[in-house]
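Per-entry structural report
These are the residues of each chain, in order.
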Amino acid sequence: MSCALTQGYSVADCKGGGLGGAKEVYIIELANIASMTATAGVITALSKATGKRFWKYQQIKETSYGKETLQANEANGSNYWQHEVGIVLNRMKSSTRAEIVLLAQNIVAIVVKDNNGSFWLYGKENGLQLSANEGGTGTAMPDRNGYTLTFTGAEAEPAIEIAAAVAADLETAGS
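Residues numbered from 1 in each chain as written. Predicted model: local features only at pLDDT ≥ 70, side-chain atom pairs only at ≥ 80, totals over all residues. Heavy atoms only, no water.

The next point concerns the sheet that holds strand β9 (residues 129-136). Backbone hydrogen bonds hold the strands of a sheet together, and the pairing may be parallel or antiparallel. Read from one edge of the open sheet, 4 strands run β5-β6-β10-β9, paired in antiparallel fashion. At either margin of the open sheet sits one strand with a lone partner, and together these are β5 (65-73) and β9. Averaged over all neighbouring strand pairs, the angle between strand axes comes to 15 degrees, with direction disregarded. As defined by bridge partners, strand β6 (residues 78-90) adjoins strand β10 (residues 146-155) across 10 bridges and the pair is classed as antiparallel. Bridge pairing in β10 places L89 opposite Y147. Docked against the sheet, helix α1 (residues 94-104) engages β6, β9 and β10, running at close to 15 degrees with respect to β10. (Pairing = 2+ DSSP bridges. Helix = DSSP H or I, 4+ residues; strand = E, 2+ residues; numbered from the N terminus. Axes fitted to C-alpha atoms, helices over the stretch in contact; angles between N-to-C directions. Contact = heavy atoms within 4.5 Å.)

Below, the structure is given as structure tokens:
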């Protein structure tokens, strides 16, 4: 059987199995990823088009996320994974507004660095699109002045981990 199970899962003896949230987000146009190699479910090599790079978006703690949701249709015998990345950009600025317009015009791939130090690629094959953006000044002084962006896409597989050595070069321009 080609889909035979290969392992079980054990609950750790100690608490603290993982922290939620995104620390950093890296975004590139999907078309600017030249190639990727995955070994045992981890991306071990990634090359970018000449002069292209991932752009880093630092995140405010406990505001941003990456997630995958299985979408299954038993009647059709189909499964796919809904990828979603939500990011927050505080403070409305004209330069940020202009970048959001560009994000809305592109199909992107997004790497999320979680609060455990792991890097996860969303939109590996089909990319993600900016599907929602809410921007505003807020009402009361402690309200957010800025933008909340949601990127979504559909993939045949869940998000894939990127090896730390590969992630270290995300902001380096391709050659």
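With that out of the way, let us pick up the sheet that holds strand β8 (residues 119-122). In space, the 7 strands of this open sheet follow the order β2-β3-β11-β8-β7-β1-β4, with mixed pairing throughout. A strand with exactly one partner marks an edge of an open sheet, and here the two such strands are β2 (33-39) and β4 (55-58). Sheet twist, expressed as the average angle between the axes of neighbouring strands with direction ignored, equals 35 degrees. As paired strands, strand β3 (residues 42-48) and strand β11 (residues 160-162) are joined by 2 bridges and run parallel to one another. Counted as the bridge partner of V42 is E161 from β11.

Time to look at the packing of aromatic side chains. Scanning the model with the defined rule gives 1 aromatic pair in all. Considering the side-chain rings of Y26 and F119, the 6.3 Å spacing of their centres and the 50 degrees angle between planes classify their relative orientation as tilted. Placement of the pair is Y26 in strand β1 (residues 22-29) and F119 in strand β8, with a sequence separation of 93 residues. Judged by relative accessible area, Y26 falls into the buried class, the value being 6%. (Phe/Tyr/Trp six-rings, centres within 6.5 Å; stacked < 30°, edge-to-face > 60°. Buried < 20%, exposed > 50% of the residue type's maximum accessible area, 1.4 Å probe, protein only.)

This part is about α1. Those residues of α1 that fall on the buried side of the exposure criterion are T96, I100 and L103. Down the axis of α1, the sector holding all buried residues measures 60 degrees, keeping them to one side. Structural note: α1 exposes S94 and R97 on the side pointing more than 90 degrees away from its buried face. Turning to α1, the residues buried within the fold contact β1, β4, β6, β9 and β10. (Arc of directions from axis to C-beta.)

Here we take up the side chain of Q59. With respect to the element layout, Q59 can be found in the loop between β4 and β5. A distance of 2.4 Å separates the side chain of Q59 from the side chain of S64, its partner in a polar contact. In terms of polar contacts, Q59 uses its side chain to reach the backbone amide nitrogen of V88, at 3.1 Å. (Polar contact = N/O pair within 3.5 Å; in protein donor to acceptor, adjacent residues only side chain to side chain.)

Take the nonpolar core next. If you look at the biggest cluster of nonpolar residues, it comprises 19 residues, and the most contacted ones within it are I27, V85, I87, I110, L149 and F151. Secondary structure elements with two or more residues in this core: β1, β6, α1, β7 (108-114) and β10. Excluding residues within four positions of it along the chain, L149 makes contact with V85, G86, I87, L89, I100, L103, L130, A132 and N133. Counting 16 residues, the second largest nonpolar core, distinct from the first, contains A109, F119, V166 and A167. (Core = buried A, V, L, I, M, F, W, Y, C linked by side-chain atoms within 4.5 Å.)

Across residues other than glycine, the phi torsion is negative in most instances, and most of the peptide bonds are trans. Backbone geometry places A40, a non-glycine residue, at a positive phi of 55 degrees. Summarising the element assignment, A40 is placed in the loop between β2 and β3. We note that R91 has phi near 80 degrees; this positive angle belongs to a residue other than glycine. One can find R91 in the loop between β6 and α1. Take R91: its relative accessible area is 57%, and that puts it in the exposed class.

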